[in-house]
Amino acid sequence: MNDYSTATRFLSRASSKEAVVGILGLGYVGIPLALSVARAGLKVIGFDVVQDRVEQLNGSKSPIKHISDSDIAGLIASGFKGTTDFSRTSECDALIICVPTPLSKHREPDLSFVIATMDSIATYLRAGQLLSLESTTWPGTTKEILLPYVERAGLSVGEDFYLAYSPEREDPGNGFFSTQTIPKVVGGHTTACLEAAVALYGAFIDTIVPVSSTEASEMVKLLENIHRSVNIGLVNEMKIVTDRMGLDIFEIIDAAKTKPFGFTAYYPGPGIGGHCIPIDPFYLTWKAREYGLHTRFIELAGEINAGMPRYVMDKTVHALNRAGKSLNGAKVLALGIAYKRDVDDMRESPSVFVMELLRDQGADVAYSDPNVPVFPHMRQHKFELSSVDLSPDVLAGFDVVILLTDHSEFDYDLIKKHASILVDTRGKYRGDTTVVRA
């Protein structure tokens, strides 16, 4: 197969929606992506190393709250099949990697999931395929980590094989945007790679935003989330200042956002969570050191955000002290342990850090979260707890109740009426002087 026929065949299969798309990693990014691809009429094969996850999906059951079982049933009806057999990647025209990229215990990038995925598919790479990485990482990863695998397979990138980076932009629980409608940034290793990636993603995404290289595309993702981290860090610091001054930060923000230009509202909380904002900035700070640079502004925002769980604990201790109680031995109820409203995603949730701080100081900690019935197994956190159902007697039985994640399912009037001490980290009870702001 010559270079021209390879490119022509791929572009033709993508534009005619005959391409078979393999999605590696069936989680909060991979499953919505699979749905979008399948709904556009392309065949999808899903790959994961977790057999239970594969069986759950093949049984038309959703492992994610904001994606329904009927969505998964529709995916299966389209011909989707989940598998742990990575040899089937050879059947795919396009391979899209959507695996986690966490931080190590030393706060350095951990690409073990990406590398393990590449190890699993290396012997099955073939001419005519597109390989695209969507996992968040440092600028240069696609070239430094993925490219050598392709070259060792005897393939020529940009000629008989295509390599791209396209950052995921999922926002779990956002009802206004979907995978299909969120503009897709795409960078290719070569011009031909970019053309192939644009053709593929354009088959199931409404708007494609091409950039000059995979490095530029990787940096776009970091900028997006560093922008959020820095602004959240700013407003979290403003919360501490305004609270000391006796001012309501939520009133201040709501007034400021009436300005029709030059201001974007960000809201404070008990910290930052999710797989992106607490992690992505450190990918850039780590990479910047290679160039002799110290990203002080980014790291300062990270320090402020990381310090918010302790601020919440300190406010809780102060509230208990005023009531003549000690944190040691106090019964504490955490309301909401997912990282944001109305999702079941626990990744990097600041609620968990608050719970750990309280437990370490001797508190008897429980939680209530309608989206997380049992505290999940987590790499760095361990609680043997199940969600507590809220009732007047249950609420009254705790020395202090802390609102950490403001789920829509909570009965806020019930909580307010029966909690002995109520600490609000989300501004749900703004203006109520009987509630402790934290």
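Residues numbered from 1 in each chain as written. Predicted model: local features only at pLDDT ≥ 70, side-chain atom pairs only at ≥ 80, totals over all residues. Heavy atoms only, no water.

Draft legend 1. Focus on the layout of surface pockets. Estimated volume of the second largest pocket: approximately 340 Å³. Along the wall of the second largest pocket there are 22 residues; nearest its centre are Arg107, Gly302, Asn305, Ala306 and Phe353. Sorting the residues of the lining of the second largest pocket by element identifies α10 (280–289), α11 (296–306), α12 (308–322) and α13 (350–360) as the ones contributing at least two each. (1 Å grid on protein atoms, 1.4 Å probe; cavity = no way out; pocket = protein on both sides within 12 Å on 5 of 7 lines; lining within 4 Å. Points joined across faces, edges and corners; volume = space filled by probe spheres on them. Helix = DSSP H or I, 4+ residues; strand = E, 2+ residues; numbered from the N terminus.)

Draft legend 2. Region of interest: empty space enclosed by the protein. Enumeration according to the criterion identifies 2 cavities of 30 Å³ or more in this entry. Counted as a void, the largest cavity has a volume near 160 Å³. As for the largest cavity, its lining consists of 18 residues, and the residues nearest its centre are Asp248, Phe250, Asp424, Arg437 and Ala438. The set of elements that each furnish at least two residues to the lining of the largest cavity consists of α8 (214–244) and α9 (249–256). Sort the elements by how many residues they give to the lining of the largest cavity and α8 lands first, with 3 residues. When the residues that make up the lining of the largest cavity are grouped by side-chain class, the tally is 7 nonpolar, 4 polar and 7 charged. Of the volumes computed, that of the second largest cavity is approximately 70 Å³. Taken together, Val29, Leu33, Glu134, Glu168, Arg169, Glu170, Thr179, Ile182, Pro183 and Lys184 form the lining of the second largest cavity. (Nonpolar A, V, L, I, M, F, W, Y, C, P; charged D, E, K, R; others polar.)

Draft legend 3. Seen up close, the nonpolar core. Counting residues in each nonpolar core, the largest one holds 76 residues, and the members touching the most others are Leu131, Leu146 and Phe204. Residues contacting Leu146, with those up to four places away along its chain left out, are Ile97, Val114, Met118, Leu131, Leu133, Thr141 and Leu163. Ranked by size, the runner-up nonpolar core spans 32 residues in total, among them Val312, Tyr339, Val365 and Ile421. (Core = buried A, V, L, I, M, F, W, Y, C linked by side-chain atoms within 4.5 Å. Buried < 20%, exposed > 50% of the residue type's maximum accessible area, 1.4 Å probe, protein only. Contact = heavy atoms within 4.5 Å.)

Draft legend 4. Looking closely at the sheet that holds strand β5 (residues 130–133). Taken in spatial order, the 8 strands of this open sheet run β3-β2-β1-β4-β5-β6-β7-β8, and their pairing is mixed. A strand with exactly one partner marks an edge of an open sheet, and here the two such strands are β3 (81–83) and β8 (208–211). Strand-to-strand, the axes of this sheet are offset by a mean angle of 25°, without reference to chain direction. Two strands pair when backbone bridges link them, and strand β1 (residues 20–24) and strand β4 (residues 94–97) are joined in this way by 4 bridges, in the parallel orientation. Residue Ile23 lies in a different strand from β4, and its bridge partner there is Ile96. (Pairing = 2+ DSSP bridges. Axes fitted to C-alpha atoms, helices over the stretch in contact; angles between N-to-C directions.)

Draft legend 5. Up close: the state of the cysteines. Applying the stated criterion across every chain yields a total of 0 disulfides. Not part of a disulfide, Cys92 finds its nearest cysteine sulfur in Cys98, a span of 13 Å. Here Cys92 falls in the buried class, since its relative accessible area comes to 0%. With no disulfide of its own, Cys193 lies closest to Cys92 among cysteine sulfurs, the gap being 18 Å. (Disulfide = S-S within 2.5 Å.)

Draft legend 6. Structural context of the pattern of salt bridges. For the structure shown, the criterion picks out 24 salt bridges. Across the pair Lys184 and Glu134 runs a salt bridge whose closest N-O atoms are separated by 3.1 Å. Here Glu134 lies in the loop between β5 and α6 (141–152) and Lys184 lies in strand β7 (residues 184–188), a separation of 50 residues in the sequence. Judged by its relative accessible area of 6%, Lys184 is buried. In this structure, Asp406 engages Arg341 in a salt bridge whose closest nitrogen and oxygen atoms are separated by 2.7 Å. One end of the pair, Asp406, is in the loop between β11 (400–403) and α15 (412–418); the other, Arg341, is in the loop between β9 (331–335) and α13, with 65 residues separating them in the sequence. Among the residues examined, Asp406 registers a relative accessible area of 8% and is labelled buried. (Salt bridge = Lys/Arg side-chain N within 4 Å of Asp/Glu carboxyl O.)

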